[in-house]
Amino acid sequence: QVQLVESGGGLVQTGGSLRLSCAASGRTFSSYAMGWFRQAPGKEREFVCALDWSSGSAYCLSSVWGRFAISKDNAKNTVYLQMNNLKPEDTAVYHCAADRASAAAWSTLKSVDYWGQGTQVTVSS
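Residues numbered from 1 in each chain as written. Predicted model: local features only at pLDDT ≥ 70, side-chain atom pairs only at ≥ 80, totals over all residues. Heavy atoms only, no water.

Novice: Looking at this model, I keep getting lost on the overall build of the protein. Mind explaining?
Specialist: Regarding its fold elements, the protein presents zero helices and eleven strands. Helices and strands appear in the protein in the N-to-C order β-β-β-β-β-β-β-β-β-β-β. Within the protein, the fraction of its 125 residues that count as buried is 44%. By element, 47% of the accessible surface of the protein is carried by carbon and sulfur atoms, the whole surface being about 6,200 Å². Put simply, the protein has 11 plus and 9 minus side-chain charges, and the middle of one group is 2 Å from the middle of the other. (Helix = DSSP H or I, 4+ residues; strand = E, 2+ residues; numbered from the N terminus. Buried < 20%, exposed > 50% of the residue type's maximum accessible area, 1.4 Å probe, protein only. Areas by Shrake-Rupley, 256 points an atom, 1.4 Å probe, with all protein chains shown as cover. Lys, Arg positive; Asp, Glu negative; His and termini not counted. Charge placed at Lys NZ, Arg CZ, Asp CG, Glu CD.)

Next up, the structure:
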């Protein structure tokens, strides 16, 4: 049974930082991409960042470039999202995901193969 378990969300002030973690289990993800989506109340789900597990090639939403960074730890089968200089508009539930599509295509994905339960990120002004 595949599981994606997120952690690291919380409440932070504007300009603060958080690091989200996503521990994956239940299968080998070497041919997958893993990454993050977010969904704010009343808004559609939005792609944030993704990386190809084998190559490490990473792609992020333009509005988070220079503030967010995605990385992985092969030994721990874990993907991270380092979020710096957080803004109130970053407030959302952040979901980890895994899909066979290349990370470069994630901004257009309508569904993913695997989806985590989500972790709340709240940025106060």
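From this point, the narrative continues.
Novice: Looking at this model, I keep getting lost on the state of the cysteines. Mind explaining?
Specialist: What makes a disulfide is a covalent bond joining the sulfur atoms belonging to two cysteines. Inspection of every chain in the model, using the stated rule, returns two disulfides. The disulfide partner of cysteine 22 is cysteine 96, and the gap between their sulfur atoms is 2.0 Å. On the S-S bond that ties cysteine 22 to cysteine 96, the torsion sits near -75°, and the link is left-handed. Of this pair, cysteine 22 sits in strand 3 (residues 18-25) while cysteine 96 sits in strand 9 (residues 92-99), and the two are 74 residues apart along the sequence. With respect to class, cysteine 22 is no different from cysteine 96; both count as buried. Sequential numbering of the bridged cysteines in the protein gives the disulfide pattern 1-4, 2-3. (Disulfide = S-S within 2.5 Å.)

Novice: Please explain the nonpolar core as it appears in this structure.
Specialist: Among soluble globular proteins, nonpolar side chains are generally buried collectively. By size, the foremost hydrophobic cluster in this structure holds 30 residues, and its most contacted members are Met34, Trp36, Phe68, Val79, Leu81, Met83 and Tyr94. For this core, the secondary structure elements donating two or more residues are strand 3, strand 4 (33-39), strand 5 (46-52), strand 7 (68-73), strand 8 (78-83), strand 9 and strand 11 (119-124). Setting aside residues no more than four positions away along its own chain, leucine 81 makes contact with Leu18, Arg19, Leu20, Trp36, Val48, Cys49, Phe68, Ala69, Ile70 and Tyr94. Formed by nine residues, the second largest nonpolar core is a distinct cluster that contains Ala33, Ala50, Ala97 and Val112. (Core = buried A, V, L, I, M, F, W, Y, C linked by side-chain atoms within 4.5 Å. Contact = heavy atoms within 4.5 Å.)

Novice: Please clarify how the packing of aromatic side chains should be interpreted in this entry.
Specialist: The description of two aromatic rings rests on the distance between their centres and on the angle between their planes. Considering all chains together, one arrives at six aromatic pairs under this definition. Look at phenylalanine 29 and tyrosine 114: their rings are 6.2 Å apart centre to centre, the planes differ by 80°, and that puts the pair in the edge-to-face class. Taken together, the positions of phenylalanine 29 in the loop between strand 3 and strand 4 and tyrosine 114 in strand 10 (residues 114-115) put the pair 85 residues apart, joining distant regions of the chain. We classify phenylalanine 29 as buried; its relative accessible area is 1%. Taken together through their ring pairs, the aromatic side chains of Phe37, Phe47, Trp106 and Trp115 make up a single cluster. Taking NZ or CZ as reference, arginine 19 lies 4.2 Å from the ring centre of tyrosine 80, over its face. It is lysine 72 that lies over the ring of tryptophan 53; its NZ or CZ is 5.2 Å from the centre. (Phe/Tyr/Trp six-rings, centres within 6.5 Å; stacked < 30°, edge-to-face > 60°. Lys NZ or Arg CZ within 6 Å of the ring centre and 35° of its normal.)

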